[in-house]
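What follows is each chain in one-letter form.
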Amino acid sequence: MLECDQGYPLYEPEPESQEGIRVGDVGLITDDGGFDVLFNVCPPPTNPDELPDDFEMLRSPDILDRAHFQSETRLFSKGVKRTGEPDFRYTCSGPEGGVLELPLGATRFEAKNKATFKRLATRHAENWYRYTNLTKDRDAPNGSLYIVTSCIKCTDWGIAVFDRPSESQDYLRLETGRSNYSWQGSGAYIAKVAPNLGSADSDAAGIPNQCIFLRGYKIMLPEDTWDNITNSQFTGTSSVTVSPTSSSGNKSESPRQGDSSNQGDASQSRTDNSPVFDFGTTGGAQNTCSRTATSARVILSEYSKTPPVRTLILRNFNLYLLF
């Protein structure tokens, strides 16, 4: 699905909360293909009591939601073949493959003012990583932290992964009943369906809270700042990286007054001389700004086009959109 620019596919769509993944979530891709939400930067607040230092929430994010996939959408990878209409069956001709069925379609939630998310992530990247590794003990590698700007969610789904080519007699199909779904077939595959399908007793019944695709930005710190955080994990001490030219020792300056560049910024504060961004590169940008040397060199890469550091099972689930 990366090739079709729908976002990064999650192998574990089940939500950690009733609403599921939201625009503004900051977190990590997990080893099993889910998303570990640490906190959210959009109102209304649904955050833990303990938050990163100098935590800042966006004042008025502009979020659009609309129907994205129609009912009975079927997505599958390049090495998977589909036969037999209307009783669709799947086989795998390549070394691996993935299938996603959406019996009731899916809804897309997307931030229209993505630039505000970029600025916020750059201002607070160091504190977010300190919170992730030093406060929450996640042991997250540099470049593994993400801020979500778009997500596609549904109520019902069926996911299957092939880890080898199918034999001639093998097949796989999704049985859809009124109150439950199930995968039927033979051969080597791993398959599952959305939990509590159609349960009227569920508080989230009918709410699209199962996240199947994400978009956003991967956040990477400059090497010297990352080394400082890593050393703090072993020494038990913590210090925030500041500009070598700064005489005050503060992480940031006060917002500029009367600066026309502040117009349209939906965050609660705007620091002096917001840094220039360097997208999609592997080395630190050599930008200089009066805020801090660290924020000027934070690298943001588009989430949908850059695989996360942990790609264990997700590499089997890179899907093409086929109707």
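Values in this document were obtained by computation on a predicted structure and should not be read as measured data.

Q: Describe the pattern of salt bridges, with residues and values.
A: Tallying each qualifying case throughout the model produces 13 salt bridges. The partner of Glu72 in a salt bridge is Arg74, and the shortest N-O contact between them spans 3.3 Å. Assessed through its relative accessible area of 46%, Glu72 is described here as partly exposed. A salt bridge links Arg173 to Glu175; the nearest nitrogen and oxygen atoms lie 2.5 Å apart. Take Glu175: its relative accessible area is 31%, and that puts it in the partly exposed class. Via salt bridges that share partners, Glu72, Arg74 and Glu101 belong to a single interconnected network.

Q: Residue-level account of unusual backbone geometry, with values.
A: Most peptide bonds are trans, and most residues other than glycine sit at a negative phi. A cis amide bond, omega -5 degrees, links Pro43 with the succeeding residue Pro44. Along the polypeptide, Pro44 turns up in the loop between strand 3 (35–40) and strand 4 (63–69). Even without being glycine, Glu72 reaches a positive phi, approximately 65 degrees. Counting through the fold element by element, Glu72 comes out in the loop between strand 4 and strand 5 (73–76).

Q: Quick rundown of the pairing of strand 8 (residues 97–102)? Include the residues and the values.
A: With respect to burial, strand 8 is a largely interior element, six of its six residues being buried. In strand 8, alternate side chains face the same way, and those of Gly97, Val99 and Glu101 on one face and Gly98, Leu100 and Leu102 on the other are all buried. Alignment of strand 5 against strand 8, held across four bridges, turns out to be antiparallel. By the bridge assignment for strand 8, Leu75 is matched with Leu100. As paired elements, strand 8 and strand 11 (residues 158–162) share five bridges and run antiparallel to each other. Residue pairing in the sheet places Glu101 in a bridge with Gly158 of strand 11.

Q: Please provide a residue-by-residue account of the environment of Gln210, values included.
A: By the secondary structure assignment, Gln210 is in strand 15 (residues 210–220). With a relative accessible area of 6%, Gln210 lands in the buried category. Along the backbone, Gln210 and Lys153 are 57 residues apart, and their C-alpha atoms lie at a distance of 5.1 Å. Not counting residues up to four positions away in its chain, the partners in contact with Gln210 are Pro13, Glu14, Pro15, Ile152, Lys153, Cys154, Thr155, Trp157, Ala194 and Pro195. One polar contact links Gln210 to Trp157, side chain to side chain, over a distance of 3.0 Å.

Q: An account of the side chain of Asn142 is needed here, citing residue identities and associated values.
A: With respect to the element layout, Asn142 can be found in the loop between helix 1 (114–135) and strand 10 (145–154). Separated by 2.9 Å, the side chain of Asn142 and the backbone nitrogen of Leu221 make a polar contact.

Q: Could you give an account of the pairing of strand 13 (residues 181–186), naming the residues involved and the relevant values?
A: Note: strand 12 (residues 171–176) against strand 13, six bridges, orientation antiparallel. For Thr176, the partnering residue across the bridge sits in strand 13 and is Tyr181. Counted between consecutive antiparallel strands, the loop separating strand 12 from strand 13 contains four residues.

Each value, and the rule that gives it
- Residues numbered from 1 in each chain as written.
- Predicted model: local features only at pLDDT ≥ 70, side-chain atom pairs only at ≥ 80, totals over all residues.
- Heavy atoms only, no water.
- Salt bridge = Lys/Arg side-chain N within 4 Å of Asp/Glu carboxyl O.
- Buried < 20%, exposed > 50% of the residue type's maximum accessible area, 1.4 Å probe, protein only.
- Helix = DSSP H or I, 4+ residues; strand = E, 2+ residues; numbered from the N terminus.
- Pairing = 2+ DSSP bridges.
- Contact = heavy atoms within 4.5 Å.
- Polar contact = N/O pair within 3.5 Å; in protein donor to acceptor, adjacent residues only side chain to side chain.

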